[in-house]
Amino acid sequence: MSTTERAATSGRQLAHPSVEEIRLEAVLHALADPVRLRIVRELADGHADMACIAFDLPVSKSTTTHHFKVLREAGVIRQHYEGTSRMSRLREPDLEARFPGLLPAVLEAARRSARSSAPSA
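Visitor: Teacher, can you tell me more about the sheet that holds strand E3 (residues 85–90) here?
Guide: Two pairing modes exist for strands in a sheet, parallel and antiparallel, and in both the strands are linked by backbone hydrogen bonds. Across the sheet, which stays open at both edges, the three strands sit in the order E1-E3-E2 with antiparallel pairing between neighbours. The open sheet has two free edges, formed respectively by strand E1 (50–51) and strand E2 (77–82), since each of these has just one partner strand. With two bridges joining them, E1 and E3 adopt antiparallel strand pairing. Across the sheet, residue Met50 finds its bridge partner in E3, namely Ser88. Across the sheet, helix H3 (residues 34–45) touches E1, E2 and E3, and the angle it forms with E3 is around 80°. Contacts from helix H4 (residues 61–74) reach E2 and E3, with the element oriented near 120° to E2.

Visitor: It is not clear to me how the pairing of E2 should be interpreted in this structure. Could you clarify?
Guide: The side chains of a regular strand alternate between both faces of the sheet. In this sheet, E3 lies alongside E2 in antiparallel orientation, the contact comprising six bridges. In the strand pairing of E3, Ile77 is matched with Leu90. From the end of E2 to the start of E3, which pair antiparallel, there are two residues, and Gly83 there has a positive phi angle of about 65°.

Visitor: What exactly am I supposed to notice about H3 here?
Guide: Structural remark: α-helix, 3.6 residues per turn; residues separated by three or four positions point the same way. An ideal rise of 1.5 Å per residue puts 16 Å on twelve residues; H3 measures up with 16 Å between its terminal C-alpha atoms. Among all positions in H3, only Val35, Arg36, Leu37, Ile39, Val40 and Leu43 are buried. Residues of H3 that are buried make contact with helix H2 (24–32), E1, H4, E2, E3 and helix H6 (102–117). The opening residue of H3, the one whose side-chain oxygen lies 2.8 Å from the backbone nitrogen of Val35, is Asp33.

Visitor: Where do I start with H6 in this structure?
Guide: Taking 1.5 Å per residue as the helical rise, H6 with its 16 residues ought to reach 22 Å, and the 23 Å between its terminal C-alpha atoms agrees with that figure. When we look at burial in H6, the residues that qualify are Leu103, Leu107 and Ala110. Burial along H6 is one-sided: seen end-on, the buried residues are contained in an arc of 65°. In this structure, H6 carries Arg115 and Ser116 as exposed residues pointing more than 90 degrees from its buried face. In this structure, the buried residues of H6 make contact with H3, E3 and helix H5 (92–98).

Visitor: When you look at the nonpolar core in this model, what are you seeing that I'm missing?
Guide: In summary, soluble globular proteins display a tendency toward joint burial of nonpolar side chains. Counting 25 residues, the largest nonpolar core has Ile39, Val40 and Val76 as its most contacted members. Secondary-structure elements contributing two or more residues to this core are H2, H3, H4 and H6. The element best represented in this core is H3, accounting for five residues.

Visitor: Can you help me understand the pattern of salt bridges in this one?
Guide: Opposite charge on two side chains allows them to pair when their charged atoms are near. Taken as a whole and judged by the stated rule, the model has eight salt bridges. Between Arg91 and Asp94 there is a salt bridge, with its nearest N and O atoms 2.8 Å apart. The exposure class of Arg91 is buried, given its relative accessible area of 3%. Of the residues examined, Asp94 reaches a relative accessible area of 21% and is grouped as partly exposed. Here the residues in one salt-bridge network are Arg78, Arg91 and Asp94, joined through shared partners.

Parameters and conventions
Residues numbered from 1 in each chain as written. Predicted model: local features only at pLDDT ≥ 70, side-chain atom pairs only at ≥ 80, totals over all residues. Heavy atoms only, no water. Pairing = 2+ DSSP bridges. Helix = DSSP H or I, 4+ residues; strand = E, 2+ residues; numbered from the N terminus. Contact = heavy atoms within 4.5 Å. Axes fitted to C-alpha atoms, helices over the stretch in contact; angles between N-to-C directions. Expected span 1.5 Å × (residues − 1). Buried < 20%, exposed > 50% of the residue type's maximum accessible area, 1.4 Å probe, protein only. Polar contact = N/O pair within 3.5 Å; in protein donor to acceptor, adjacent residues only side chain to side chain. Arc of directions from axis to C-beta. Core = buried A, V, L, I, M, F, W, Y, C linked by side-chain atoms within 4.5 Å. Salt bridge = Lys/Arg side-chain N within 4 Å of Asp/Glu carboxyl O.

Structure representation (structure tokens):
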């Protein structure tokens, strides 16, 4: 049974915009926040699916939930349940289809910024 089928049978589904419904303003708003940009960077650099609890974020659990919701509703990530864990996946193909080159450019800029602000050894 696929992950989507498991989520459908569990009755726990989350709303996601279709590719055509993803708006540039919403994506840019979602990516403008440093915590959300960190989540997106970690998803891009990590595994295909990551549990929300796998992120070590400097905010409360309720604030973390809010950040994931903003990313999901903007169409930046797709979320589904696996048991009691909410898994997140970056919607790279959808974002590339809608706004070619946007996500790679934002991720590269974020990585450069992170490297330049990292303390020197």
